[in-house]
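# Coordinate inspection notes
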Amino acid sequence: MKQLFTLLSFVSLTFIAQAQPGKNPTQNDPDAKKILDKVSSGFKALNAPQATFTYNVENAQGKVLSSKKGVVTMKGNRYKVNLDGMEIYSDGKTTWNFDKSANEVTVDNVNSSGSAMTPQKLFTNFYDRDFYYKLNGVKKEGGKSLQEIELTPTDKTRPFHKIYVLIDKATNRIYSAKFLEKTGERYSYVVNSLKSSPSISDSYFIFDKSRYPGVEVVDLR
């Protein structure tokens with residue numbers, strides 16, 4: 001579950017992204033930055049963006065071992081994720097991780113420093129503070145021309161050492177992101193769709209325990 005929100009962190013899947021002041025800009029590829037900036041600006045133009053995605057766990061040879069489908073909806077600093085039996089809510093101040101099978105919800109505060117990775121950061125400019133990046137070239141997949149950008153975290157204590165992001169050259173949108181952990185584990189997210197959603201109430205991003213009789217609340221605040 002921790003892995004899910006590196007990308008969401010792709011969502012609050014929960015990796016901590018800490019800014020590294022004094023990063024050497026000469027280690028970054030200006031061509032990669034131009035592409036990432038286009039992805040960021042395109043995302044910001046969407047109203048209450050909603051993305052459907054597939055989350056894959058892979059072995060070292062890239063074979064998919066398990067796969068789950070999910071949906072993430074965002075509004076300002078709020079988001080909600082649905083992923084095969086799990087719901088994650090955040091209203092910008094509090095997060096709720098609801099496990100449907102256990103009928104249990106874990107409640108915690110959002111990282112007040114603003115360093116926590118969120119779905120919004122995945123689609124915007126998290127790369128500028130937290131990663132070195134370079135453009136590896138163009139790949140063909142599913143009839144699309146995809147630009148591959150390699151990201152290396154500036155914080156060497158992170159559990160992953162590389163992220164490979166594929167960006168659709170025609171739409172300037174993220175196609176997929178693959179995370180390589182130091183343990184050898186690999187997991188990826190494929191963005192199946194990204195669009196603006198209709199007007200959504202702020203209450204949509206708050207867990208309502210009255211809808212789940214008998215739910216166990218684990219409050220970590």
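Residues numbered from 1 in each chain as written. Predicted model: local features only at pLDDT ≥ 70, side-chain atom pairs only at ≥ 80, totals over all residues. Heavy atoms only, no water.

As recorded by an unreviewed UniProt entry, the protein carries the name Outer membrane lipoprotein-sorting protein and is attributed to Flavisolibacter ginsengisoli DSM 18119.

## What about the overall build of the protein?
When its secondary structure is counted, the protein shows four helices and twelve strands. For the protein, buried positions account for 47% of its 221 residues. Carbon and sulfur atoms provide 50% of the accessible area of the protein, an area that totals close to 10,900 Å². (Helix = DSSP H or I, 4+ residues; strand = E, 2+ residues; numbered from the N terminus. Buried < 20%, exposed > 50% of the residue type's maximum accessible area, 1.4 Å probe, protein only. Areas by Shrake-Rupley, 256 points an atom, 1.4 Å probe, with all protein chains shown as cover.)

## Digging into the packing of aromatic side chains
Inspection of every chain in the model, using the stated rule, returns 13 aromatic pairs. Between Y89 and F207 the ring centres are 5.6 Å apart and the planes differ by 75°, which places this aromatic pair in the edge-to-face class. Of this pair, Y89 sits in strand 4 (residues 86–90) while F207 sits in the loop between strand 11 (186–196) and strand 12 (216–219), placing them 118 residues apart in sequence. Each member of the pair, Y89 as well as F207, carries the same accessibility label: buried. Here a set of aromatic residues connected by ring pairs shows up, and it is made of F53, Y55, F131, F160, F179, Y187 and Y189. (Phe/Tyr/Trp six-rings, centres within 6.5 Å; stacked < 30°, edge-to-face > 60°.)

## Let's talk about the pattern of salt bridges
The full count for this structure, using the stated rule, is ten salt bridges. One salt bridge connects E87 with K100, and the closest N-O pair in it is separated by 3.2 Å. Linking E87 in strand 4 with K100 in the loop between strand 5 (94–99) and strand 6 (104–109), this pair joins segments that are 13 residues apart in sequence. For K100, a relative accessible area of 41% translates into the label partly exposed. Between E150 and K162 there is a salt bridge, with its nearest N and O atoms 2.6 Å apart. With E150 in strand 8 (residues 144–153) and K162 in strand 9 (residues 160–168), this residue pair connects regions lying twelve residues apart in the sequence. (Salt bridge = Lys/Arg side-chain N within 4 Å of Asp/Glu carboxyl O.)

## Section: the pairing of strand 2 (residues 64–75)
With nine bridges joining them, strand 1 (residues 49–58) and strand 2 adopt antiparallel strand pairing. By the bridge assignment for strand 2, E58 is matched with V64. Adjacent in sequence and paired antiparallel, strand 1 and strand 2 are bridged by five residues, among which G62 carries a positive phi angle near 85°. Pairing of strand 2 with strand 3 (residues 78–83), which is carried by six bridges, proceeds in the antiparallel orientation. (Pairing = 2+ DSSP bridges.)

## A short note on the nonpolar core
Counting 31 residues, the largest nonpolar core has I149 and I163 as the members making the most contacts within it. Ranked by the residues each element gives to this core, the list is headed by helix 2 (residues 30–44), at five residues. In this structure, I149 is in contact with A32, I35, L36, Y133, K134, L135, I163, Y164, V165 and I167, ignoring residues within four places of it in sequence. Counting eight residues, the second largest nonpolar core, distinct from the first, contains W96, F207, Y212 and V215. (Core = buried A, V, L, I, M, F, W, Y, C linked by side-chain atoms within 4.5 Å. Contact = heavy atoms within 4.5 Å.)

## Topic: helix 2
Taking 1.5 Å of rise per residue, the 15 residues of helix 2 would be expected to cover 21 Å, and the 21 Å separating its terminal C-alpha atoms lies within 8% of that figure. The N-cap of helix 2, judged by a side-chain oxygen 2.9 Å from the amide nitrogen of D31 a few residues on, is D29. (Expected span 1.5 Å × (residues − 1). Polar contact = N/O pair within 3.5 Å; in protein donor to acceptor, adjacent residues only side chain to side chain.)

## Details of the environment of V218
With respect to the helices and strands, V218 occurs in strand 12. As for V218 and N97, which are separated by 121 residues in sequence, their C-alpha atoms are 9.6 Å apart. When near neighbours in sequence (up to four residues on either side) are disregarded, V218 contacts E104, V105, T106 and V107.

## Here's the deal with the side chain of N28
Locating N28 in the fold gives a position in the loop between helix 1 (4–7) and helix 2. Side-chain polar atoms of N28 contact the backbone nitrogen of Y133, separated by 2.8 Å.

## Considerations on the layout of surface pockets
What the largest pocket holds in volume is close to 280 Å³. The wall of the largest pocket is formed by N56, E58, K139, E141, E148, Y164, L166, S176, A177, K178, S188 and V190. For the lining of the largest pocket, the secondary-structure elements that each account for two or more residues are strand 1, strand 7 (131–141), strand 9, strand 10 (173–181) and strand 11. Ranked by residues supplied to the lining of the largest pocket, first place goes to strand 10 with three residues. For the lining of the largest pocket, a count of residues per class yields four nonpolar, three polar and five charged. (1 Å grid on protein atoms, 1.4 Å probe; cavity = no way out; pocket = protein on both sides within 12 Å on 5 of 7 lines; lining within 4 Å. Points joined across faces, edges and corners; volume = space filled by probe spheres on them. Nonpolar A, V, L, I, M, F, W, Y, C, P; charged D, E, K, R; others polar.)

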